[in-house]
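# Fold and geometry: a report
Next come the chains, spelled out residue by residue.
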Amino acid sequence: MLLEIDSLDVRYGRNHALQNLSLQIDHGEIVTVLGANGAGKSSLLKAILGMVKPAAGQIRFDGADVDRWTVPKRVRNGLALVPEGRQILTSLTVHENLLMGAYPRRDVRAADIDAIYQRFSNLAARRDMSASVLSGGEQQMLAIGRALLSKPVLMMLDEPSLGLSPLLVQELFSLLQQLNTDGLSLLLVEQNTNMALKVASRGYILELGRVVLQGPAVALAADEQLQSAYLGE
Ligand SMILES: Nc1ncnc2c1ncn2[C@@H]1O[C@H](COP(=O)(O)OP(=O)(O)O)[C@@H](O)[C@H]1O
Ligand SMILES: [Mg+2]
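This text gives an overview of the structure that appears in the document. (Residues numbered from 1 in each chain as written. Chains lettered and ligands numbered in written order. Predicted model: local features only at pLDDT ≥ 70, side-chain atom pairs only at ≥ 80, totals over all residues. Heavy atoms only, no water.)

## Section: the overall build of the protein chain
Along its length, the protein chain carries 10 helices and 10 strands. Whereas a compact globule of 233 residues would reach a radius of gyration of roughly 17 Å, the protein chain reaches 17 Å, a difference of no more than 12%. Here the protein chain holds 233 residues, and the buried ones make up 49% of them. The contacts in the protein chain between residues at least 6 apart in sequence include a share of 68% that link residues at least 24 apart. Of the accessible surface of the protein chain, which amounts to about 11,100 Å², a share of 49% is contributed by carbon and sulfur atoms. Positive and negative side-chain charges of the protein chain, numbering 22 and 24 respectively, have mean locations separated by a distance of 8 Å. (Helix = DSSP H or I, 4+ residues; strand = E, 2+ residues; numbered from the N terminus. Rg over C-alpha atoms; globule rule 2.2 N^0.38 Å. Buried < 20%, exposed > 50% of the residue type's maximum accessible area, 1.4 Å probe, protein only. Contact = heavy atoms within 4.5 Å. Areas by Shrake-Rupley, 256 points an atom, 1.4 Å probe, with all protein chains shown as cover. Lys, Arg positive; Asp, Glu negative; His and termini not counted. Charge placed at Lys NZ, Arg CZ, Asp CG, Glu CD.)

## Here we look at the coordination of the magnesium ion (ligand 2)
Coordination sphere of the magnesium ion (ligand 2), protein contribution only: S42 (OG) and E84 (OE), at 2.1 to 2.8 Å. In this pair, S42 sits in helix α1 (residues 41–49) while E84 sits in the loop between β6 (79–82) and α3 (94–100), placing the two residues 42 residues apart along the sequence. Since its relative accessible area comes to 16%, S42 is described here as buried. On the basis of relative accessible area, E84 is assigned to the partly exposed category, the value being 36%. (Donors = N, O, S within 2.8 Å, 3.2 Å for Na, K, Ca; no water.)

## Things to note about the side chain of S150
As for its position among the elements, S150 is in the loop between α6 (136–148) and β7 (154–158). At a separation of 2.8 Å, a polar atom in the side chain of S150 contacts the main-chain carbonyl oxygen of A147. Among all residues touching S150, those that are not within four sequence positions of it are V75, A80, G101 and R105. (Polar contact = N/O pair within 3.5 Å; in protein donor to acceptor, adjacent residues only side chain to side chain.)

## Let's talk about the sheet that holds strand β10 (residues 210–216)
Strand order in the open sheet formed by six strands is β6-β7-β8-β3-β9-β10, and the pairing between neighbours is mixed. In this open sheet, the two edge strands, each paired with only one partner strand, are β6 and β10. On average, each strand axis in the sheet is inclined to that of its neighbour by 15°, with strand direction left out of account. Along the sheet, α6 makes contact with β6 and β7, crossing β6 at roughly 170°. Relative to the sheet, helix α7 (residues 166–181) contacts β3 (30–34), β7 and β8 (185–190), its axis offset from that of β8 by approximately 155°. (Pairing = 2+ DSSP bridges. Axes fitted to C-alpha atoms, helices over the stretch in contact; angles between N-to-C directions.)

## Notes on α6
The end-to-end C-alpha separation of α6 is 18 Å, in line with the 18 Å expected for 13 residues at 1.5 Å each. Counting buried residues in α6 gives 12 out of 13 residues, a clear majority hidden from the surface. Taken together, the buried positions of α6 are occupied by G137, E138, Q139, Q140, M141, L142, A143, I144, G145, R146, A147 and L148. If you follow the buried residues of α6, they end up packed against β6, α3, α4 (110–119), α5 (121–125), β7 and α7. (Expected span 1.5 Å × (residues − 1).)

## Some remarks on the site of ligand 1
Taken together, the neighbourhood of ligand 1 is formed by Y12, N15, A17, A36, N37, G38, A39, G40, K41, S42 and S43. One nitrogen or oxygen atom from the side chain of N15 is found 3.5 Å from an oxygen atom belonging to ligand 1. Contact distances for ligand 1 include 2.7 Å between an oxygen atom and a backbone N or O atom of G38. Here ligand 1, which alone exposes 560 Å², has 62% of that area covered by the protein. For the shell around ligand 1, the elements supplying multiple residues, two or more each, are β2 (15–25) and α1. Tallying contributions element by element places α1 first for the shell around ligand 1, with three residues. For the shell around ligand 1, the class distribution of residues is four nonpolar, six polar and one charged. (Near = heavy atom within 4 Å. Nonpolar A, V, L, I, M, F, W, Y, C, P; charged D, E, K, R; others polar.)

## Focus on the packing of α6 against α7
Their axes nearest at 11 Å, the elements α6 and α7 cross at an angle of 15°. Considering the angle they form, α6 stands roughly parallel to α7. Here α6 runs over α7; the crossing is right-handed. Contacts between α6 and α7 involve G137, Q140, M141, I144 and L148 on the former and, on the latter, L168, L172, L175 and L179. Its residues assigned to classes, the contact of α6 with α7 shows seven nonpolar, two polar and no charged. (Parallel < 35°, antiparallel > 145°, perpendicular 65-115°, else oblique. Left-handed = near helix turned anticlockwise from the far one by under 90°.)

Encoded structure:
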């Protein structure tokens, strides 16, 4: 098992963002976590990366208890997050934004950076421009490129399709499938339930911080209650 979360609780004061949440990801899997605004999806990813400290529960990654590890240590060991809203710094160039992904690591080489530019030719063409010139789709590619530069084993993405046109959403999801084929495991948080269940092998549905449904993506996609609750929009 690549990631094993056992009975995780996250609280903000009296607000219980996650309750007794257990989740597993196998090596090479794409797993999706779905749920409405406020369900606790971002809190889950932040807890895995170490940005919020859980009130209870365990997180094991690649065989190690990571609960006491700092964020940079988790990144060095293979966890990366493409955050909600992309978090591109528009006062920096494309290249400077990309390099931020290498920051926690000491072993990023020029060849690693070249590989990102080869994958994302739009970024290569704009490498010395302000990141403010990028379109929404290009900003999402930059956020993904930045995460890839930390050489993750498990990449977590927080609503990456938000705000993208249907065509760009298609491109994004085929990129995610490609990365997965190349060996990357993915934890994909989405509100685009239909697309997420197409690329994932398994899914978890969160409601108010609890897992209310989980199973193979094909079963969730066929679930009538889920269809009427989330997929009908
Ligand atoms: N920094 C914070 N302080 C207080 N409450 C928060 C904070 N971040 C999130 N919450 C609350 O925790 C719950 C889960 O939020 P979040 O994890 O952002 O959900 P989602 O990503 O599914 O929209 C919500 O009720 C939200 O208002
Ligand atoms: Mg969120």
